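In case you want the letters, here they are:
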Amino acid sequence: MEGLNIPLNHILLVSSLLFAIGLLGLMIRRNIIFILMSLEVMLNASALAFVAAGAHWGQPDGQVVFMLILSVAAAEVAVGLGLVLQVQRRFKSLDMDNADRMRG
Amino acid sequence: MRELIGLIAFIPLLSSVTLMLGAERLSRISIGFLGVGSVGVAALLTAAMGIDFLANPQPFQVTLWTWMQVADFAPGVGFYFDGLTLVMMSVITGVGFLIHLFSTEFMEEDISYARYFAYLNMFIAAMLILVMADNLLLLYLGWEGVGVCSYLLVGFWYQNSANGYAARKAFIVTRIGDTAMALGLFLLFTELGTLDIQALGVAANHRWQVGDSMPLLACLLILGGAVGKSAQLPLHTWLPDAMAGPTPVSALIHAATMVTAGVYLIARTHELYLLAPIAMIAVALVGLTTSLMAAFTALTQRDIKRILAYSTISQIGYMFLALGVGAWSAGIFHLMTHAFFKALLFLGSGAIIHCLHHEHDIFKMGGLRSRMPVTFWSFMIGSAALAALPMTSGFFSKDQILLQAYQMPGIGPWLWLGGLVGALLTAIYSFRLVFVVFFGQANTEPDRDTGWRMAVPLTLLCGLALLGGWIIIPVAEVFPVAGDQHPALWVELVSIAVPLIGVAIAYLAFYSRQLRIDGLLKAPVMQKIQSFWFSGWGIDWLYDRLFVKPYYSLARVLKAEPVDALYNFIVRLNQALNHWLSEGQSGQMRRYIASMVFGLIVLLAILVGVL
């Protein structure tokens, strides 16, 4: 292996950190755009973990899954942005707390 | 002739049904003819039967049809006719007819004219069934029938809720006695296997000895029924309130006929009572205490009808006393004479009330002697008979009772003494009534005098109250012969003298005012005693505390449905849980995520902890 030799642990740490940041954003942000972005962060955190794992063990599976995650993220953004438009139209705001009509 | 006996009861019943169905279509004249006429026909038929019977005094029994049949229990609708039945039927149809006639004038301005006569005729029918029945079950039918009619007629002016209350009280209090009586009938049927009155007497004598406990129990239960219906202690409280009904109703039901049904019942089942001497003493003591208690109460009343009501209770007490000492025929004799003079007094008071703008308070009357002469003489004769002044009808019957009570071994003289005190009080309160109402100065002017439909019954009843004592009732065959020895002369003389003393006291105190009682009445102790007597010895108050109030509080407790509390608790717990859980479903995505994360952490912690 050439180039930088970063230990797996570090990468996994960064990945977990990213995942935690995304999750925290998901939990505390009310703006739907930020929620979507937090989701992206989480997806990419897991993708990073896959890539790092694939590189560490010299397997191609990690990169295959990364490609899959990338396409899932693209599809998710397409649906998500449609949702954003709907929310904006219906509630005249992007605050997701307004969309609580399904409360018990 | 004998087969016609059924008609006597069914003609008034038919007329009652006609009046109920055709109330709207009949004119007032035809209602009057139907109501009075049906009882008149019944009276004529009774008279014919009576003449037939007196010529050939043979008791007979007619079964019309079988009422019901369950296994070997088959009570029939059958009538038994003997001297006792004849006396009762004559009183019911004869006095009943006069009261019906009186009613046509008394009720002429009432809008419910047809309803009144429908009830009254139904009452006559039920009362006739009661006295003619040959078995106790049919008797019970009549017994309950008169109870219903009494309820309907006491509450006749139902727009006033106080009348409805009085009617319910009359119905419920007598129902307590009726329950005891029903238990007595059940006992007799299970023990003796029949309810036929004649067969019952034979079977009881065959099966039981004098002094056995079973006849004692049966007799006490039947006494319970009689006490309720005849307004004796401790179930007498309904009768004074029953005066809420129209006055002719009080005369017919609450003086002459229905309230004496208890006396009839005990006389009819006398063969059972002869087997239970203790029950007979109980009857005598109930009668004596009631008679004294009611006489004291009557002394202090102001309402003319309440005076007469308490007087009725007191006089029925005398009849019970007679039955209790075994003076059966004297008791029935007093029943008959009492029906005459008390109906007379009640109709007289009805005439006063009718002509005096519905005034009931005797101290607002006064001086009516010259203004209402017919009524005055009715009251004079009625009160004389009630007080048992010599040669009036009440004298003969009450004298018989007192003398036979005296002869009872053991407690006889005490019973006689108690009866004498009652007779003294009776004379005082009845003539207090006469002197206050008819003498002195007039406080209220009558706006009319009695018409002929009131005057004729009053006059005829005057004759009966005066001369009824000479009638010899044909009950010698029915009852065992009482001891014929006469007590000492002084006993008889005292018995005659005491009512005269009572009248003299009333004369001095309420007419000539030589006996100054005002100071005595104003004394604090006397005031207390007076208000105690006025309230009927506080018995209504006592029952109110003992039964009515606790019942109400129990009802209030049960109204909240305490048994359901447990189930309501479960329901409320579930509702709270539901509320609490549905709070969690806020619809806000962030919270869902947070809770999912929380759950994840917990799961992870468990995994880590377990691993």
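Residues numbered from 1 in each chain as written. Chains lettered and ligands numbered in written order. Predicted model: local features only at pLDDT ≥ 70, side-chain atom pairs only at ≥ 80, totals over all residues. Heavy atoms only, no water.

### A few points about the overall build of chain B
Part 1: Check the secondary structure of chain B and you find 25 helices and two strands.
Part 2: Within the span of chain B, comprising 611 residues, buried residues form 56% of the whole.
Part 3: By sequence separation, contacts in chain B at least 24 residues apart represent 81% of the contacts at least 6 residues apart.
Part 4: Entry remark: accessible area of chain B is about 26,300 Å², with carbon and sulfur atoms responsible for 69%.
Part 5: In chain B, 32 side chains carry a positive charge and 33 a negative one; their mean positions are 13 Å apart. (Helix = DSSP H or I, 4+ residues; strand = E, 2+ residues; numbered from the N terminus. Buried < 20%, exposed > 50% of the residue type's maximum accessible area, 1.4 Å probe, protein only. Contact = heavy atoms within 4.5 Å. Areas by Shrake-Rupley, 256 points an atom, 1.4 Å probe, with all protein chains shown as cover. Lys, Arg positive; Asp, Glu negative; His and termini not counted. Charge placed at Lys NZ, Arg CZ, Asp CG, Glu CD.)

### Focus on a nonpolar patch on the surface
All names here are of chain B.
Part 1: Together, V563, L566, Y567, F569, I570, L573, L577, W580 and L581 make up a nonpolar patch on the protein surface, roughly 1,000 Å² of accessible area in all.
Part 2: Looking at where L573 falls in the secondary structure, it is placed in helix α24 (residues 565–584).
Part 3: Among the residues examined, L573 registers a relative accessible area of 45% and is labelled partly exposed. (Patch = residues over 30% accessible without salt bridge, like charges linked within 9 Å, V, L, I, M, F, W, Y side chains within 5 Å. Salt bridge = Lys/Arg side-chain N within 4 Å of Asp/Glu carboxyl O.)

### Looking at the interface of chain B and chain A
Part 1: On the chain A side, the residues contacting the eleven residues of chain B number 14 residues.
Part 2: When the two sides are added together, the surface that chain B and chain A hide from each other amounts to roughly 1,000 Å², 62% of it contributed by carbon and sulfur.
Part 3: For the interface between chain B and chain A, the tally reads one salt bridge.
Part 4: A salt bridge links R590(B) to D97(A); the shortest N-O distance between them is 2.6 Å.
Part 5: Remark: the boundary between chain B and chain A carries one residue pair in polar contact (both at pLDDT 80 or more).
Part 6: With six residues, the top contributor of residues to the side of chain B that touches chain A is helix α25 (residues 589–610) of chain B.
Part 7: By residue class, the composition of the side of chain B that touches chain A is five nonpolar, five polar and one charged. (Buried area = accessible area lost by both parts, 1.4 Å probe. Polar contact = N/O pair within 3.5 Å; in protein donor to acceptor, adjacent residues only side chain to side chain. Nonpolar A, V, L, I, M, F, W, Y, C, P; charged D, E, K, R; others polar.)

### As for the packing of aromatic side chains
Residues and elements named next belong to chain B.
Part 1: Tallied over the full model, the rule gives 25 aromatic pairs over all chains.
Part 2: Seen in terms of ring centroids, F376 and W377 are 5.2 Å apart; in terms of plane orientation they differ by 65 degrees. Their pairing is edge-to-face.
Part 3: Here the aromatic rings of F431 and F435 are separated by 6.1 Å at their centres, their planes lie at 45 degrees, and the arrangement is tilted. Of this pair, F431 and F435 both sit in helix α18 (residues 412–438), four residues apart, which is roughly one turn of the helix. The residues F431 and F435 share a single accessibility class, namely buried.
Part 4: Between R175 and the ring centre of F171, over which it is positioned, the NZ or CZ distance is 4.0 Å. (Phe/Tyr/Trp six-rings, centres within 6.5 Å; stacked < 30°, edge-to-face > 60°. Lys NZ or Arg CZ within 6 Å of the ring centre and 35° of its normal.)

### So, the pattern of salt bridges
Residues and elements named next belong to chain B.
Part 1: What the rule picks out here adds up to 13 salt bridges over all chains.
Part 2: The salt bridge involving R207 is made with E191; its shortest N-O contact spans 3.4 Å. You can see R207 sitting in helix α7 (residues 197–207) and its partner E191 sitting in helix α6 (residues 161–192), a full 16 residues away along the chain.
Part 3: Across the salt bridge formed by K549 and D544, the nearest N and O atoms sit 3.2 Å from each other.
Part 4: Look at K549 and you get partly exposed, because its relative accessible area is 38%.

### Focus: the nonpolar core
Residue and element names in this part refer to chain B.
Part 1: Counting 183 residues, the largest nonpolar core has L139, Y273 and I352 as the members making the most contacts within it.
Part 2: Ranked by residues supplied to this core, first place goes to helix α15 (residues 328–355) with 17 residues.
Part 3: Within the second largest apolar cluster, 20 residues are counted, among which are A322, A327, A330 and M408. (Core = buried A, V, L, I, M, F, W, Y, C linked by side-chain atoms within 4.5 Å.)

### As for the confidence of the model for chain B
Reading fine detail from the predicted coordinates is not recommended where pLDDT is low.
Part 1: Averaged over every residue, the pLDDT of chain B is 86; the share at 70 or more is 98%.
Part 2: In the predicted assembly, ipTM is 0.82 and pTM is 0.78. (pLDDT = per-residue confidence, 0-100.)

### A short note on the side chain of K169(B)
All names here are of chain B.
Part 1: Residue position: K169 is located in helix α6.
Part 2: You can call K169 buried: its relative accessible area is 14%.
Part 3: Not counting chain neighbours up to four residues away, the residues in contact with K169 comprise T237, W238, D241 and D540.

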